[in-house]
Amino acid sequence: MLPDKDGLGGSGRCENPLDPSEHTSVSLFREYLRIKTVHPEPDYDTALKFLERIATELGLPFKKVEVCPRRVVAIITWEGTRPKLKSILLNSHTDVVPVFQEHWKYDAFAAYKDGEGNIYGRGSQDMKCVTIQYIEAIRKLKSEGKRFARTVHLLFVPDEEVGGHKGMETFIQHPEFKALNVGFSLDEGLANPEDKYTVFYGERNPWWITVKCTGSPGHGSRFVENTAAEKVQRIINSFLEFREKEKSRLDGDVCLTLGDVTTVNMTMLRGGVSYNVIPSDIDVSFDIRISPTVNLQEFEKQIQIWCQSAGDGVTYEFAQKFMSTEMTSTSESDPWWKAFSSACCDKNAVLKKEIFPAATDSRFIRSIGLPAIGFSPINLTPILLHDHNEFLNEKVFLRGIDIYLGVIPALASVPPQPGEA
Ligand SMILES: CSCC[C@H](NC(C)=O)C(=O)O
Ligand SMILES: [Zn+2]
Ligand SMILES: [Zn+2]
């Protein structure tokens, strides 16, 4: 059943004046989509004011922690009846990636809704929908007078889209994170074009590497020996031959998904100043996403061999090198997974377990040994995160709230585990 429009205890919520029949949760979602938290200069201040207003409506405390200059993490806390138990973390990032407006059917920050109920906007899938779904589920549960044993924290973090360094990566080292006493965390996943919901229990490790090739310079009319370009050619061949092998492995096994193999993409190439001057330095960069089953030390040794065999003067450096192979248990004997998956099942949401092919803030949570599941309750929808014309249908969005109405109580009611207060 979808959450009703009422039962909000006269909290002063605004209807959409242009469409009073629109569900108030949908109107709130569209309002959030209109806040331009878009890189490179996200309007975090407006988003924080919006979230603080929601905390006031919910009657819950709102805390701000400035983890880096102008980078604030916000927390709304719904205390449980046994606050010493480990808490449930519902995480979402507030930033969104840039748009190429000329490729969009509608203004990417107008939250336009078409006649079929499709809401277009940057962040409609990634991941402003999830933020509002968490909030609206909690609003409903509170309005019904519910309360659970475990504390639930809603966490709103900046800068996920630019690597999380001034967001979650720093926040997990902060005393305020420790004070949250997290036992289990939910964060974003991906849409599923079919009727199922994809759920992620691990992520590939992102390695962003630049290989620097140096060689002899000279006149562009000559056969100069030992040029940087020849070394770059060997490097590109080594990386892309490996790419081809992994692609064949994926294409040849229907049981594998993108998260089970390692991808390599050449994303940047820099060097040279003039047509007739052979450059002495050429840099080539790759975005590598390594499956969590790969031995990371051995993989780096392989990169060293590729660089050595490309010739002298070939070095590499990392802009991103995540080194965790932590995965979250999805065993039926795991109490968190059991609670999550049973609640989804009760809501007739069929789950498909996968490794997340890209990177989310869950990697930082898992790297400190905490369980984290990536889940965006979006089915029957093409995967459009970071794409043009990102949209979400309002019915799919509302069904997601209903799923959280089962999931949040189930997680917040997981009985005390051995070692818990
Ligand atoms: C490595 S930090 C960048 C994070 C970004 N996340 C997504 C979901 O696109 C990515 O995987 O590229
Ligand atoms: Zn995201
Ligand atoms: Zn994203």
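Residues numbered from 1 in each chain as written. Chains lettered and ligands numbered in written order. Predicted model: local features only at pLDDT ≥ 70, side-chain atom pairs only at ≥ 80, totals over all residues.

1. Topic: the site of ligand 1
Here comes step 1: Looking at ligand 1, the residues that line it are Gly163, Pro206, Gln320, Ala358, Ala359, Thr360 and His386.
Here comes step 2: Here the residues of the shell around ligand 1 are counted per class, giving three nonpolar, four polar and no charged. (Near = placed C-beta within 6 Å. Nonpolar A, V, L, I, M, F, W, Y, C, P; charged D, E, K, R; others polar.)

2. What about helix α2 (residues 44-58)?
Here comes step 1: The end-to-end C-alpha distance of α2, which contains 15 residues, comes to 21 Å, matching closely the 21 Å that a straight helix rising 1.5 Å per residue would cover.
Here comes step 2: Residues Ala47, Leu48, Leu51, Ile54 and Leu58 constitute the buried set of α2. In a view along the axis of α2, the buried residues occupy a sector of 120°, so they form one face of it. Of the residues in α2, the exposed ones pointing more than 90 degrees away from the buried face are Asp45, Lys49 and Arg53.
Here comes step 3: Close packing links the buried residues of α2 with β1 (62-68), β2 (71-78), α3 (128-143) and β5 (152-157).
Here comes step 4: Looking one or two places after α2, you find Gly59, whose phi comes out positive at around 70°. (Helix = DSSP H or I, 4+ residues; strand = E, 2+ residues; numbered from the N terminus. Expected span 1.5 Å × (residues − 1). Buried ≥ 20, exposed ≤ 12 C-beta atoms within 10 Å, placed from the backbone. Arc of directions from axis to C-beta. Contact = placed C-beta atoms within 7 Å.)

3. Considerations on the UniProt feature "active site" (unreviewed entry) in the protein chain
Here comes step 1: Here the UniProt feature "active site" (unreviewed entry) sits at Asp95 and Glu160. A stretch of 66 residues holds the annotated residues, and the largest C-alpha distance among them is 6.8 Å, short enough that they meet in one place.
Here comes step 2: Locating Asp95 in the fold gives a position in the loop between β3 (87-93) and β4 (118-120).
Here comes step 3: If we skip the residues at most four places from it in the chain, Asp95 touches Thr37, His39, Pro42, Pro158, Asp159, Glu160 and Glu161.
Here comes step 4: With respect to the helices and strands, Glu160 occurs in the loop between β5 and α4 (168-171).
Here comes step 5: C-beta crowding within 10 Å serves as the criterion here: with 25 such atoms nearby, Glu160 is assigned to the buried category.
Here comes step 6: Discounting residues that sit within four places of it in the chain, Glu160 has contacts with His93, Asp95, Gly167, Met168, Thr360 and Asp361. (UniProt positions renumbered as here; feature names shortened; annotations may be inferred.)

4. Regarding the pairing of strand β6 (residues 182-187)
When a strand is regular, its side chains alternate between the sheet's two faces.
Here comes step 1: The element β6 is largely enclosed, with a buried count of six among its six residues.
Here comes step 2: Pairing geometry for β3 and β6, over four bridges, is parallel. Paired with Leu90 across the two strands is Leu186, which belongs to β6.
Here comes step 3: The pairing of β6 with strand β15 (residues 372-375) spans three bridges and is classified as parallel. Bridge pairing links Asp187 to Gly374 in β15. (Pairing = 2+ DSSP bridges.)

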